[in-house]
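Single-letter residue listing:
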There are 2 protein chains.
Amino acid sequence: MKARRVLETCLYVDDLEAAERFYVDVLGLTLVTRRPGRHVFLRCGQQMVLLFDPLACQSVEGEIPPHGARGPGHVAFAAGNADLPNWRERLSGFGIPIERLITWPGGGQSLYLRDPAGNSLEFASPRIWGWNEDPAPTASDSVP
Amino acid sequence: MKARRVLETCLYVDDLEAAERFYVDVLGLTLVTRRPGRHVFLRCGQQMVLLFDPLACQSVEGEIPPHGARGPGHVAFAAGNADLPNWRERLSGFGIPIERLITWPGGGQSLYLRDPAGNSLEFASPRIWGWNEDPAPTASDSVP
């Protein structure tokens, strides 16, 4: 018996509105729901990216078990090596610096940037883990 | 242009060895690599779960942009509603308390527990986000 896949990935941000603009407008995630002052929930493929104000989700009064971290977290998004130049161009168009570009021994590449809260984000080829790159997206990818 | 899926999800832990035992033995993730005192990298389906000692990955001296958070983070793993009783039984067998079991308005359920570092983990049906449950695993799921 084993956990089969990650459904929700979580990051903490100090400014939910700035984070929502960044993740929707720049990274292209889909807004699912928001609660001002507490969270912004976004869809990325078959997964959710949950952005929380760490102070608001540490409350033990609600139904959800409390959590909430301080300091920069990290999430990587899959992007083929061929997509990375497009991401560089797109990020540059938004004035977002590329913090680092690493070519790994196995041939995959990683592009690092920061979200507005300072979290470390990465676009990386699945090849960095020894896997094949993802197939090109199809229309059915948007149907859960 | 949009980020298509999450490749790496990250949590911070104070005891990497305890975390490795928990994520491998209890949750069934696959150990990919470890660096004692710094990280344990695990595979979960087509994604990676990265566990870091937050002090060790905050260093600005290495090649990787620094990150590292303190306080309980959160990750959810996909599990069908029919799988949740099996997870309850399994966790009980390891003496791991179920912190909360929530049935959502849309019909999906969430089961909450803590990892040894206190991170909030969840097994949840994709139905909680309005999606179909995942198809049953096949042998090809283990081939990247």
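Residues numbered from 1 in each chain as written. Chains lettered and ligands numbered in written order. Predicted model: local features only at pLDDT ≥ 70, side-chain atom pairs only at ≥ 80, totals over all residues.

Q: So what exactly am I meant to see when it comes to the overall build of chain A here?
A: Each helix and strand in chain A was counted, giving two helices and eight strands. Along the chain direction, N to C, the helices and strands of chain A fall in the order β-α-β-β-β-β-α-β-β-β. Its C-alpha atoms give chain A a radius of gyration of 16 Å, near enough to 15 Å, the size a compact globule of 144 residues would have. In terms of its C-alpha atoms, chain A occupies a principal-axis envelope of roughly 50 × 40 × 30 Å. For chain A, the share of sequence-separated contacts (at least 6 apart) that also reach a separation of at least 24 residues comes to 44%. (Helix = DSSP H or I, 4+ residues; strand = E, 2+ residues; numbered from the N terminus. Rg over C-alpha atoms; globule rule 2.2 N^0.38 Å. Contact = placed C-beta atoms within 7 Å.)

Q: What should I look at first to understand the sheet that holds strand 5 (residues 74-78) of chain A in this one?
A: Pairing between the strands of a sheet comes from backbone hydrogen bonds, and it takes one of two forms, parallel or antiparallel. One open sheet holds the eight strands; their spatial order is 6(A)-7(A)-8(A)-5(A)-1(B)-4(B)-3(B)-2(B), and the pairing between them is mixed. Sheet topology places strand 6 (100-103) of chain A together with strand 2 (30-35) of chain B at the edges, where each strand pairs with a single neighbour. Direction aside, the axes of adjacent strands within the sheet are offset by 20° on average. As defined by bridge partners, strand 2 of chain B adjoins strand 3 (residues 39-44) of chain B across five bridges and the pair is classed as antiparallel. Residue pairing for strand 3 of chain B: Arg34(B) is matched across the bridge by Val40(B). Strands strand 7 (109-114) and strand 8 (120-124) of chain A of the sheet are contacted by helix 2 (residues 84-93) of chain A, whose axis makes an angle of about 20° with strand 7 of chain A. (Pairing = 2+ DSSP bridges. Axes fitted to C-alpha atoms, helices over the stretch in contact; angles between N-to-C directions.)

Q: Even after reading the chapter, I still don't get the nonpolar core, so can you show me in this structure?
A: Within soluble globular proteins, side chains that are nonpolar tend to cluster in buried spots. By size, the foremost hydrophobic cluster in this structure holds 76 residues, and its most contacted members are Leu42(A), Leu51(A), Phe77(A), Leu42(B), Val49(B), Leu51(B) and Phe77(B). For this core, the two domains that each supply at least three residues are domain 1 (1-58) and domain 2 (71-137) of chain A. Once you skip the residues sitting within four places of it in the chain, Phe77(B) turns out to touch Ala3(A), Arg5(A), Val6(A), Leu7(A) and Phe123(B). (Core = buried A, V, L, I, M, F, W, Y, C linked by C-beta atoms within 7 Å. Buried ≥ 20, exposed ≤ 12 C-beta atoms within 10 Å, placed from the backbone. Domains from an automatic or database assignment.)

Q: What exactly am I supposed to notice about the pairing of strand 8 (residues 120-124) of chain B here?
A: If a strand is regular, its side chains alternate between the two faces of the sheet. All names here are of chain B. In terms of burial, strand 8 is a largely internal element, five of the five residues being buried. Here strand 8 shows no split at all, with Ser120, Glu122 and Ala124 on one side and Leu121 and Phe123 on the other all buried. As paired elements, strand 5 (residues 74-78) and strand 8 share five bridges and run parallel to each other. By the bridge assignment, Ala78 is partnered in strand 8 with Ala124. One ladder, built from five bridges, connects strand 7 (residues 109-114) with strand 8; its direction is antiparallel. Following the sheet pairing, Tyr112 is matched in strand 8 by Glu122. Here strand 7 folds back onto strand 8, and the loop between the two strands holds five residues, one of which, Gly118, carries a positive phi near 95°.

Q: I would appreciate a short explanation of the domain arrangement of chain A in the present structure.
A: By a widely used convention, the size of an interface equals the accessible area lost when the partners come together. All names here are of chain A. Along its sequence, chain A is carved into domain 1 (1-58) and domain 2 (71-137). Computed over C-alpha atoms only, the centres of domain 1 and domain 2 are separated by 18 Å. Counting residues at the interface gives ten residues for domain 1, matched by eight residues for domain 2. If you list the elements that add at least two residues to the side of domain 1 that touches domain 2, you get strand 1 (6-12) and helix 1 (16-26). Among the elements that take part in the side of domain 1 that touches domain 2, helix 1 stands out by supplying four residues, more than any other. For the side of domain 1 that touches domain 2, the class distribution of residues is seven nonpolar, one polar and two charged. (Nonpolar A, V, L, I, M, F, W, Y, C, P; charged D, E, K, R; others polar.)

Q: Would you mind going over the interface of chain A and chain B with me for this structure?
A: Listed as interface residues are 51 residues of chain A and, on the opposing side, 51 residues of chain B. Counting only elements with at least two residues in the side of chain A that touches chain B, the list comes to strand 1, strand 4 (47-52), strand 5, helix 2, strand 6 and strand 8 of chain A. Among the elements that line the side of chain A that touches chain B, the one with the most residues is strand 1 of chain A, at six residues. Where strand 5 of chain A and strand 1 (residues 6-12) of chain B come together, three bridges link them in antiparallel fashion. Counterpart to Phe77(A) in the pairing with strand 1 of chain B is Val6(B).

Q: Where do I start with the environment of Gly45(A) in this structure?
A: All names here are of chain A. In this fold, Gly45 is placed in the loop between strand 3 (39-44) and strand 4. Residue class for Gly45 comes out buried when judged on the 20 C-beta atoms lying within 10 Å of it. Along the chain, Gly45 and Leu29 lie 16 residues apart, while their C-alpha atoms are 8.4 Å from each other.

Q: For this particular structure, what's the right way to read the relation of the copies chain A and chain B?
A: There are two copies of the chain, and a rotation about an axis plus a shift along that axis relates them. Between chain A and chain B, the superposition needs a rotation of 180° and an axial shift of 0.0 Å, giving an RMSD of 0.0 Å. What the superposition gives is, in effect, a two-fold axis relating one chain to the other. By residue overlap, the copies meet face to face through one surface: 100% of the interface positions of chain A are interface positions in chain B. (Least-squares fit on C-alpha atoms with pLDDT ≥ 70 in both.)

Q: Explanation requested: the sheet that holds strand 8 of chain B in the structure shown.
A: Read from one edge of the open sheet, eight strands run 2(A)-3(A)-4(A)-1(A)-5(B)-8(B)-7(B)-6(B), paired in mixed fashion. Bordering the open sheet on either side are strand 2 (30-35) of chain A together with strand 6 (100-103) of chain B, each of which pairs with just one other strand. Adjacent strand axes in the sheet meet at a mean angle of 20° when their direction is disregarded. On the sheet, helix 2 (residues 84-93) of chain B packs against strand 7 and strand 8 of chain B and is oriented at approximately 20° with respect to strand 7 of chain B.

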